[in-house]
Amino acid sequence: MTPILDKLTEIYDLHAARTAQFRQAAACAKGCAFCCTDAGRIDITTLEGLRMRQHLRQVPRPQRAALENAIDRDARRREKGRPSPCPFLLKNMACRIYDIRPFACRRIYSMKRCGPEQPPLLHREAMAWADEAIASLQALDPNGYTGHISYILHMLDTPAFLTTYLAGAFKPEAVMMYGRTHGIVINRMMVPAST
Ligand code: SF4
């Protein structure tokens, strides 16, 4: 698992290096968690989710139970179409999993302070590079899926799904209903054949 996670980090690092010039002038500041509370879905790949699940296993039991509850709560609220903060957002507006946060969080910065009427404002080049990075992440995880963080973490917590996924097998029909209702996409269908 480690070599593939290293590749995940390489994709993150390439995007960070490409966009460093833009981020220097960004309006983002410590304590602003607009992206974690109001910016909509936080899409991750199953591979990114697997790394989060590994991390969760190392968290002491009481905190882990609280995080699992937060993940469940987020999934339930979103299923009802209600706004919901990221389950990993701490009370002080810091990220509980900052070092392993997914690409969806790494790609976002804004040249203007975000607000209800002002979504994150990124450079066009940065958005194109982010699309490249997402294609690379999906290509790295060809028997996996992409979707909102809590839904993917739920899938990985389902023994039948996890066994199939870890075996490198591909059974989209097994998650068809859940996938349709939760906006899960199949990674290999999102990546052009030449990638
Ligand atoms: S994973 Fe961290 S950075 Fe990403 S939305 Fe959640 S709290 Fe924010």
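Per chain, residues are indexed from 1 in the order of the written sequence. For this predicted model, a pLDDT threshold of at least 70 governs which residues receive local features, and a threshold of 80 or more governs which side-chain atom pairs are given and counted, while totals over whole chains, interfaces and linings are taken from all residues.

1. Some points on the sheet that holds strand 3 (residues 185–186)
By this definition, two strands are paired if DSSP reports at least two bridges between them. By definition, any uninterrupted DSSP run of H or I lasting at least four residues is a helix, any uninterrupted run of E lasting at least two residues is a strand, and each is numbered from the N terminus. What the three strands build is an open sheet, ordered 1-2-3; its pairing is antiparallel. With partners counted over all chains shown, the strands left at the sheet margins are strand 1 (43–45) and strand 3, one partner each. In terms of strand pairing, strand 1 meets strand 2 (residues 145–148) through three bridges, oriented antiparallel. Looking at the pairing, Thr45 lines up with Thr146 of strand 2.

2. With respect to the site of the ligand
In the vicinity of the ligand, the contacting residues are Cys35, Cys36, Ile42, Cys86, Phe88, Leu89, Cys95, Ile97, Arg101 and Cys105. Amino acids are sorted into nonpolar (Ala, Val, Leu, Ile, Met, Phe, Trp, Tyr, Cys and Pro), charged (Asp, Glu, Lys and Arg) and polar (every other residue, Gly among them). The class makeup of the residues in the shell around the ligand is nine nonpolar, no polar and one charged. By definition, a residue lies near a molecule or strand provided its backbone-derived C-beta atom is within 6 Å of it.

3. Things to note about the nonpolar core
Put simply, a nonpolar core is a cluster of buried Ala, Val, Leu, Ile, Met, Phe, Trp, Tyr and Cys residues tied together by C-beta atoms within 7 Å. Any residue with 12 or fewer other C-beta atoms within 10 Å of its own C-beta is exposed, any with 20 or more is buried, and the rest are partly exposed; the C-beta atoms used are placed from the backbone. By size, the foremost hydrophobic cluster in this structure holds 27 residues, and its most contacted members are Ile149, Ile152 and Leu153. Elements supplying a minimum of two residues to this core: helix 2 (34–37), helix 3 (46–57), helix 5 (103–106), helix 6 (124–140) and helix 7 (149–156). No other element matches the six residues that helix 7 contributes to this core. By definition, residue pairs are in contact when their C-beta atoms, positioned from the backbone, come within 7 Å. Residues in contact with Ile149, not counting those within four places in the same chain, are Ile42, Ile44, Cys86 and Pro102.

4. Remarks on helix 3
By definition here, a helix of n residues has an expected span of 1.5 Å times n minus one. Relative to the 16 Å expected for twelve residues at 1.5 Å per residue, helix 3 spans 16 Å between its end C-alpha atoms, a close match to the ideal helical length. Along helix 3, the residues that are buried comprise Thr46, Leu47, Glu48, Gly49, Leu50 and Met52.

5. What about helix 6?
Along its 17 residues, helix 6 runs 25 Å from first to last C-alpha, staying within 8% of the 24 Å computed at 1.5 Å per residue. Those residues of helix 6 that sit buried are Ala133, Ile134, Leu137 and Gln138. For helix 6, the angular spread of buried residues about the axis comes to 135°, placing them on one side. Across helix 6 from its buried face, at more than 90 degrees, point the exposed residues Arg124, Glu125, Ala128 and Asp131. Residues of helix 6 that are buried in the fold lie against helix 1 (2–23), strand 1, helix 5, strand 2 and helix 10 (187–190). In this context, the arc is that of the directions from the helix axis out to the C-beta atoms.

6. Details of the packing of helix 4 (residues 61–79) against helix 7
The axes used here are C-alpha line fits, helices contributing only the stretch in contact, and every angle between their N-to-C directions lies in the interval 0 to 180 degrees. Where helix 4 contacts helix 7, the two axes come as close as 9 Å, and the packing angle between them is 120°. What the angle tells us is that helix 4 and helix 7 run oblique. Two packed elements cross with a definite hand, and for helix 4 against helix 7 that hand is left-handed. Taking contact as the criterion, the partners of Ile71, Asp74, Ala75 and Arg78 in helix 4 are, on helix 7, Ser150, Tyr151, Leu153 and His154. Residues of the contact of helix 4 with helix 7, tallied by class, amount to four nonpolar, two polar and two charged. The labels follow the angle: roughly parallel below 35 degrees, roughly antiparallel above 145, roughly perpendicular from 65 to 115, and oblique for the rest. Crossing handedness is read from the near helix: turned anticlockwise from the far helix by less than a right angle, it gives a left-handed crossing, and turned clockwise, a right-handed one.

7. What about the confidence of the model for the chain?
Think of pLDDT as the predictor's per-residue confidence, scored from 0 to 100. In this model, the chain carries a mean pLDDT of 93, and residues with pLDDT of at least 70 account for 98%. The secondary structure element of the chain with the lowest average pLDDT is helix 10, at 88, and the one with the highest is strand 1, at 98.

8. Some details on unusual backbone geometry
Phi angles above zero are rare outside glycine, and Met93 is one such case at about 70°. For Met93, the location among the structural elements is in the loop between helix 4 and helix 5.

9. Structural notes on the environment of Lys171
Following the sequence through the fold, Lys171 ends up in the loop between helix 8 (159–166) and helix 9 (176–182). Using a count of 12 C-beta atoms within 10 Å as the deciding quantity, one classes Lys171 as exposed. Along the primary structure Lys171 and Phe161 are separated by ten residues, whereas in three dimensions their C-alpha atoms are 8.8 Å apart.

10. Observations regarding the environment of Phe103
Within the secondary structure layout, Phe103 lies in helix 5. The spatial distance from the C-alpha of Phe103 to the C-alpha of Pro120 is 15 Å, given a sequence separation of 17 residues. Beyond its immediate stretch of four places on either side in the chain, Phe103 contacts Tyr12, Glu48, Ala133, Ile134 and Leu137.

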